[in-house]
Amino acid sequence: GATFNAGGINVMPAIGYKSDRTTEITDTYVMVAVDGEFGAIGMEAELGYHSHDVDPGDWTAYGLYANVWYNMDPNKFGLALAYGTWDEDTGGEFSFGDYDPTFIGTAYSELAGALLVNLYAEFAPMDKLTIEPAVLYIKQNEDDPGDDAYTELSCVFSYDVTDAVNYAVGVGYATADPGSG
């Protein structure tokens, strides 16, 4: 795709269109992604639109992903947010595809129609050791009994045995709250 650069910011627009004449379903996608670094501060973001046309049951959904971090070599601190809308009449929802920052794993194999907040860090107390703690919260946007919330605390320890071999171990704790909405 096309990439435009303006003052250290990269802008990457994308448009997709899919029409299936046998099922009479038409999907239109518009996505704009941006990224950049400003000294020690880095960022990436995506804004998306998805229109699903089928008779009956048309729906439109929007999504936003943003990740901002601060590099303090060799450490990094960041906050990632993702939000996708959900259509209560048809059940249509904005999907972030296979984006899943969870450590333990969730029922959200495909993050869709939800709010995600991920506070994370990377520490390198030694040249070969990296410690990555994270706090993650996911809340489904649906207004029905299946409206779930998920919270996770995790930490991954990674050690470079050699340049080609890395050993990693992680610990985590997660809670799921079905029907919290």
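One can find the structure itself at the top, above this paragraph.
What you see is a predicted model, and the numbers here were worked out from it, not measured in a lab.

A.B. asks: Looking at this model, I keep getting lost on the packing of aromatic side chains. Mind explaining?
C.D. replies: Each aromatic ring pair is described using two quantities: the centre-to-centre distance and the angle formed by the ring planes. All chains considered together, the criterion is met by two aromatic pairs. Ring centres 5.5 Å apart and planes at 50 degrees place the aromatic pair Tyr49 and Tyr62 in the tilted group. One end of the pair, Tyr49, is in strand β4 (residues 41-53); the other, Tyr62, is in strand β5 (residues 59-72), and 13 residues separate them in sequence. On the accessibility criterion, Tyr49 (27% relative accessible area) is partly exposed. Since its relative accessible area comes to 45%, Tyr62 is described here as partly exposed. The interplanar angle of 75 degrees and the centroid separation of 5.3 Å between the aromatic rings of Phe77 and Phe123 together place this pair among those described as edge-to-face. Residue Phe77 is located in strand β6 (residues 75-84), and its partner Phe123 is located in strand β7 (residues 114-126); the two are separated by 46 residues in the primary sequence. On the basis of relative accessible area, Phe77 is assigned to the partly exposed category, the value being 32%. Residue Phe123 is classed as partly exposed on the basis of its relative accessible area, which comes to 29%. The ring of Trp69 is capped by Lys76, whose NZ or CZ atom sits 4.8 Å from the centre of that ring.

A.B. asks: Looking at this model, I keep getting lost on the nonpolar core. Mind explaining?
C.D. replies: Side chains of nonpolar character tend, in soluble globular proteins, to be buried together. By size, the foremost hydrophobic cluster in this structure holds 15 residues, and its most contacted members are Tyr65, Ala82, Phe96, Leu116, Tyr120, Leu136 and Ile138. When contributions to this core are tallied by element, the ones reaching two or more residues are β5, β6, β7 and β8 (129-140). Residue contributions to this core peak at four residues, all from β5.

A.B. asks: Looking at this structure, how should I read a nonpolar patch on the surface?
C.D. replies: On the surface, Met126, Phe157, Tyr159, Val161, Val165, Tyr167, Val169 and Val171 cluster together into a nonpolar patch covering about 730 Å² of accessible area. For the nonpolar patch, the secondary-structure elements that each account for two or more residues are β9 (149-160) and β10 (166-177). Looking at the secondary structure, you find Phe157 in strand β9.

A.B. asks: Explain the environment of Pro125 to me, please; I cannot follow it from the model alone.
C.D. replies: Inspection of the secondary structure assignment puts Pro125 in strand β7. Note on Pro125: relative accessible area 53%, which makes it exposed. Note: C-alpha distance between Pro125 and Asn75 (50 residues apart in sequence) is 8.6 Å.

A.B. asks: What exactly am I supposed to notice about the side chain of Ser158 here?
C.D. replies: On the secondary structure map, Ser158 appears in strand β9. Classification of Ser158 by relative accessible area gives buried; the value is 12%. Leaving out residues up to four positions away in the same chain, Ser158 has contacts with Lys128, Leu129, Thr130, Asn166, Tyr167 and Ala168.

A.B. asks: I'm lost on the pairing of β10 in this one. Help?
C.D. replies: Strand residues, when the strand is regular, have side chains that alternate between the two faces of the sheet. In the sheet, β9 pairs with β10 via 12 bridges, with the strands oriented antiparallel. Residue pairing across strands places Phe157 opposite Val169, the latter belonging to β10.

Rules used in this analysis
- Residues numbered from 1 in each chain as written.
- Predicted model: local features only at pLDDT ≥ 70, side-chain atom pairs only at ≥ 80, totals over all residues.
- Heavy atoms only, no water.
- Phe/Tyr/Trp six-rings, centres within 6.5 Å; stacked < 30°, edge-to-face > 60°.
- Helix = DSSP H or I, 4+ residues; strand = E, 2+ residues; numbered from the N terminus.
- Buried < 20%, exposed > 50% of the residue type's maximum accessible area, 1.4 Å probe, protein only.
- Lys NZ or Arg CZ within 6 Å of the ring centre and 35° of its normal.
- Core = buried A, V, L, I, M, F, W, Y, C linked by side-chain atoms within 4.5 Å.
- Patch = residues over 30% accessible without salt bridge, like charges linked within 9 Å, V, L, I, M, F, W, Y side chains within 5 Å.
- Areas by Shrake-Rupley, 256 points an atom, 1.4 Å probe, with all protein chains shown as cover.
- Salt bridge = Lys/Arg side-chain N within 4 Å of Asp/Glu carboxyl O.
- Contact = heavy atoms within 4.5 Å.
- Pairing = 2+ DSSP bridges.

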